[in-house]
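The primary structure of each chain is shown beneath.
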Amino acid sequence: MDDTNVLMEQYVSIKDIAKRNAILKQLIFNLPTDGKDFFLKAFKKERYLDMKLTAVRGYAAYADQNEVAVLMKKMLELLKKRPESTPYNYQEYEILRSSFLMQYLLRQYNYECFKTFNDQLEQQYNAMPEAFKGIFTCDENGEAVQLISPKESQKRIDDFFSRNK
């Protein structure tokens, strides 16, 4: 059994979200030969949008535009609901907007479904208060890159909430 099969089996059995996310990232770079079904299952399994979109990134390597569009339609529906449950969803938005996810997908595939999702994502991101923007991003490998210090970001967020009590 090769490494990618071991990783796919581990992914299915692991409960720890951070470990599953790390495995998912590794698999999108390794792209197992039988990965299409795996990435579809991963998409259905995950509840965080960034992990779902990571699964879409893997799935897109195997699927055609119409197949990807079905998943992105679901993603768009979920995204539109985020402001109701998580109005300051900056962490998820920053990962989605990063060069690892949306920027990669737009560059690599240029599908209309990605453009539509990205437009909605940018609209929701821009609607957030400035205190929640530009704190971090992700590089091409999906690794977090701090844009301002944790101390400064905490101060901005604390100041926002103290002004808006």
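Up top is the structure.
The text that follows walks through the structure, step by step, so that each part is easy to find. (Residues numbered from 1 in each chain as written. Predicted model: local features only at pLDDT ≥ 70, side-chain atom pairs only at ≥ 80, totals over all residues. Heavy atoms only, no water.)

Comments concerning the nonpolar core
As a rule of thumb, nonpolar side chains are buried together in soluble globular proteins.
Thinking step 1. In terms of nonpolar packing, the biggest core is built from 51 residues, with Leu53, Val68, Met72, Phe114 and Phe117 touching the most fellow members.
Thinking step 2. With 7 residues, helix H4 (residues 49-60) is the largest single contributor of residues to this core.
Thinking step 3. Here Val68 is in contact with Val56, Tyr59, Ala60, Ala63, Tyr111, Cys113 and Phe114, once residues within four sequence places are set aside. (Core = buried A, V, L, I, M, F, W, Y, C linked by side-chain atoms within 4.5 Å. Buried < 20%, exposed > 50% of the residue type's maximum accessible area, 1.4 Å probe, protein only. Helix = DSSP H or I, 4+ residues; strand = E, 2+ residues; numbered from the N terminus. Contact = heavy atoms within 4.5 Å.)

Some details on unusual backbone geometry
Residues other than glycine predominantly adopt negative phi, and peptide bonds predominantly adopt the trans conformation.
Thinking step 1. Non-glycine residue Leu31 carries a positive phi angle of around 40°.
Thinking step 2. Within the secondary structure, Leu31 is located in the loop between helix H2 (17-30) and helix H3 (35-45).
Thinking step 3. Backbone geometry places Asn110, a non-glycine residue, at a positive phi of 55°.
Thinking step 4. Take Asn110: it is sitting in the loop between helix H7 (102-108) and helix H8 (112-127).
Thinking step 5. Asn110 sits in the partly exposed class, given a relative accessible area of 46%.

With respect to the environment of Leu147
Thinking step 1. Summarising the element assignment, Leu147 is placed in the loop between strand E2 (144-146) and helix H9 (150-163).
Thinking step 2. On the accessibility criterion, Leu147 (48% relative accessible area) is partly exposed.
Thinking step 3. Setting aside anything within four residues of it in sequence, one finds Leu147 in contact with Gly134, Ile135, Phe136 and Thr137.

As for H2
Thinking step 1. The terminal C-alpha atoms of H2, which comprises 14 residues, lie 20 Å apart, in line with the 20 Å expected from a rise of 1.5 Å per residue.
Thinking step 2. As for H2, its buried residues are in contact with helix H1 (3-13), H3 and H4.
Thinking step 3. Near the N-terminus of H2, the side chain that reaches the backbone nitrogen of Ala18, with its oxygen 3.0 Å away, is that of Asp16.
Thinking step 4. The first or second residue beyond H2 is Leu31, which carries a positive phi of 40°. (Expected span 1.5 Å × (residues − 1). Polar contact = N/O pair within 3.5 Å; in protein donor to acceptor, adjacent residues only side chain to side chain.)

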